[in-house]
Amino acid sequence: QVQLVESGGGLVQPGGSLRLSCAASGFTFSSYAMSWYRQAPGKERELVATITNTGGSTSYADSVKGRFTISRDNAKNTVRLQMNSLKPDDTAVYYCNAGRYIDYGSRYLEVWGQGTLVLVSS
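In this text, all values refer to a predicted model and were calculated from it rather than measured experimentally.

Can you help me understand the nonpolar core in this one?
Soluble, globular proteins show a tendency: their nonpolar side chains are buried together. If you look at the biggest cluster of nonpolar residues, it comprises 30 residues, and the most contacted ones within it are L4, M34, W36, V79, L81, M83 and Y94. Those residues in contact with M34 that sit more than four places away from it in its chain are L4, F29, A49, T50, I51, I70, R72, V79, C96, N97 and A98.

Shown next, in the form of structure tokens:
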């Protein structure tokens, strides 16, 4: 069964830290780029961070640069998001995403997790 399962969300005070984890199964994890997205109440889903399939390159939304770090372990089929200096604006449901192009780039395959809630509040 193809799935992504997120964990690690919860309530944290402003300035605090959380580490999200995403466990993958049912597909060749090392062939997929991995991303974290988030969706705040009343807002559209936005891309937070991406890491290439080898882990050799990462990218971040401007709003989280310098505070969040994405990493992956292809031996354990996991991707993590370390979130430091959290702000109330980081409150959202965070989703794990796996994606890759197939058919010579003509199709894009994606897998989504169910999401985990991060609430930043005092």
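Just to check I follow, could you spell out the packing of aromatic side chains for this structure?
Scanning the model with the defined rule gives 3 aromatic pairs in all. Of note, R45 hangs over the ring of W112, and the distance from its end group to the ring centre comes to 4.6 Å. Sitting over the ring of F29, R72 keeps its end group 4.4 Å from the ring centre.

Whenever I open this one, the pattern of salt bridges confuses me. Can you help?
Two side chains with opposite charge may pair up if their charged atoms get near one another. Within this structure, the stated rule accounts for 5 salt bridges. Here R38 makes a salt bridge to E46, at a shortest N to O gap of 2.6 Å. The salt bridge involving D62 is made with K65; its shortest N-O contact spans 3.2 Å. Given a relative accessible area of 66%, D62 falls into the exposed group. Via salt bridges that share partners, R38, E46, R67 and D90 belong to a single interconnected network.

Definitions and limits used
- Residues numbered from 1 in each chain as written.
- Predicted model: local features only at pLDDT ≥ 70, side-chain atom pairs only at ≥ 80, totals over all residues.
- Heavy atoms only, no water.
- Core = buried A, V, L, I, M, F, W, Y, C linked by side-chain atoms within 4.5 Å.
- Buried < 20%, exposed > 50% of the residue type's maximum accessible area, 1.4 Å probe, protein only.
- Contact = heavy atoms within 4.5 Å.
- Phe/Tyr/Trp six-rings, centres within 6.5 Å; stacked < 30°, edge-to-face > 60°.
- Lys NZ or Arg CZ within 6 Å of the ring centre and 35° of its normal.
- Salt bridge = Lys/Arg side-chain N within 4 Å of Asp/Glu carboxyl O.

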